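Now for the letters of each chain:
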Amino acid sequence: MKNTYLIFSDLDGTLLDHETYSWQAAKPTLLALKAADIPLILNTSKTFVELEELRNDLALSTPFIVENGAAIYIPINYFDKQPEDAFQQGNYWVKTFCQPRSYWLSLLKNVAFEYQQYFTGFSQLTVNELVALTHLSEQQAKNALQREFSEPLHWNGTHKQRKAFIDLMSDYGANVLQGGRFLHISGACDKGLAQHWLAERYREQYPASDITTIALGDSDNDIAMLETADIAVQIRSPKHDFPALERQSKAIQSDEYGPKGWAETLTHLLPFIHHHEVQHG
């Protein structure tokens, strides 16, 4: 049976540098993966609009997962047949896992009113305010604000208030995840569920292959994808400790931060791509 690898990767603080959002330190490894024909699937809290732009920069033609597992976009005809529970939208087959953003905005307004003084949602932010919070460019901030399935919050309250708020939102069916900078309000979806669903589509497409999933991430909202993968790679962060994982085996941690750690661990895990790195680097 042929061994086939699927690489699922978080972006901010993982493939992208936490401060500069640059992926250049990982470029030789990205080229090596492409040369070895190993799919790189972005699995992120970012939006569809953000991903469209970044995939162009990275020259990727693979499916991708947006807004913490809320939806998967598969380029039309990437697989032999359209998945049964996916619909066509533009150039993609789309599989969704949760309610639209309007549902969560309504919940925040009607249920979490006593906590509203402690957070600022993306829906309340101007482009300039988001630029100041994140150091994104103006265009990147515009793209980040175009959310379809979730509402990120900039939390200003105490840790205790935050916990009470999360408990309340959870009681109403929200999934609350701490990302690199923001608290994300969404549905009962996560990066792990979406990753598992997509890996199964690859298994259907390539029944003669033994598929191994490798997931790379750095923060709490990556735990589900790290736990679900065959091999978990935790990327060192300058901002926080490695999030705790329940799994005991096939979990590694990078020495380097961000894209340097991303490249370091994949080169270690897939020594056969090193040959390509030398050729293309």
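The structure under discussion appears in the preceding block.
Here the structure is a predicted model, which is why all the values come from computation and not from measurement. (Residues numbered from 1 in each chain as written. Predicted model: local features only at pLDDT ≥ 70, side-chain atom pairs only at ≥ 80, totals over all residues. Heavy atoms only, no water.)

### Focus on the layout of surface pockets
Here the largest pocket is characterised by a volume of approximately 530 Å³. Around the largest pocket sit 27 residues that line it, and Leu33, Lys34, Asp37, Ile38 and Pro39 are the ones nearest its centre. Contributing elements (two or more residues each) for the lining of the largest pocket: strand E1 (2-9), helix H1 (27-35) and helix H2 (48-58). Residues of the lining of the largest pocket, tallied by class, amount to 17 nonpolar, five polar and five charged. Reported here for the second largest pocket is a volume of approximately 210 Å³. Of all the secondary structure elements, the ones that give two or more residues to the lining of the second largest pocket are H2 and helix H5 (138-145). (1 Å grid on protein atoms, 1.4 Å probe; cavity = no way out; pocket = protein on both sides within 12 Å on 5 of 7 lines; lining within 4 Å. Points joined across faces, edges and corners; volume = space filled by probe spheres on them. Helix = DSSP H or I, 4+ residues; strand = E, 2+ residues; numbered from the N terminus. Nonpolar A, V, L, I, M, F, W, Y, C, P; charged D, E, K, R; others polar.)

### Examining the nonpolar core
Formed by 52 residues in total, the largest nonpolar core has its most connected members in Leu15, Leu42, Phe165 and Trp262. With four residues, the top contributor of residues to this core is H2. Beyond its immediate stretch of four places on either side in the chain, leucine 42 contacts Ser9, Leu11, Leu15, Leu51, Leu54, Arg55, Leu58, Leu60, Pro63, Phe64 and Ile65. Formed by 21 residues, the second largest nonpolar core is a distinct cluster that contains Ile41, Ala194, Trp197 and Leu198. (Core = buried A, V, L, I, M, F, W, Y, C linked by side-chain atoms within 4.5 Å. Buried < 20%, exposed > 50% of the residue type's maximum accessible area, 1.4 Å probe, protein only. Contact = heavy atoms within 4.5 Å.)

### A short note on the packing of H2 against H5
The N-to-C vectors of H2 and H5 enclose an angle of 135°; their axes lie 6 Å apart at closest approach. Looking at the two axes, H2 sits oblique to H5. Together, Val49, Glu50 and Glu53 of H2 and Gln139, Gln140, Asn143 and Ala144 of H5 make up the contact between the two elements. Broken down by class, the residue content of the contact of H2 with H5 amounts to two nonpolar, three polar and two charged. (Axes fitted to C-alpha atoms, helices over the stretch in contact; angles between N-to-C directions. Parallel < 35°, antiparallel > 145°, perpendicular 65-115°, else oblique.)

### Remarks on unusual backbone geometry
For alanine 59, which is not a glycine, the phi torsion comes out positive at approximately 55°. Topologically, alanine 59 is positioned in the loop between H2 and strand E3 (64-66). A positive phi angle, near 70°, is found at asparagine 77, a position not held by glycine. Among the secondary structure elements, asparagine 77 is positioned in the loop between strand E4 (71-75) and strand E5 (87-89).

### What about the pattern of salt bridges?
Counted by the stated rule, this structure contains eleven salt bridges. The salt bridge involving lysine 46 is made with aspartate 12; its shortest N-O contact spans 3.1 Å. Of this pair, lysine 46 sits in the loop between strand E2 (40-43) and H2 while aspartate 12 sits in the loop between E1 and H1, placing them 34 residues apart in sequence. In this structure aspartate 12 comes out as partly exposed when scored by relative accessible area, which is 28%. For glutamate 19, the salt bridge is made with lysine 239, and the minimal N-O distance between the two is 3.5 Å. With a gap of 220 residues between them, glutamate 19 in the loop between E1 and H1 and lysine 239 in the loop between strand E12 (231-236) and strand E13 (251-257) connect regions that are remote in the sequence. Residues participating in the shared-partner salt-bridge network are Asp10, Lys191 and Asp222. (Salt bridge = Lys/Arg side-chain N within 4 Å of Asp/Glu carboxyl O.)

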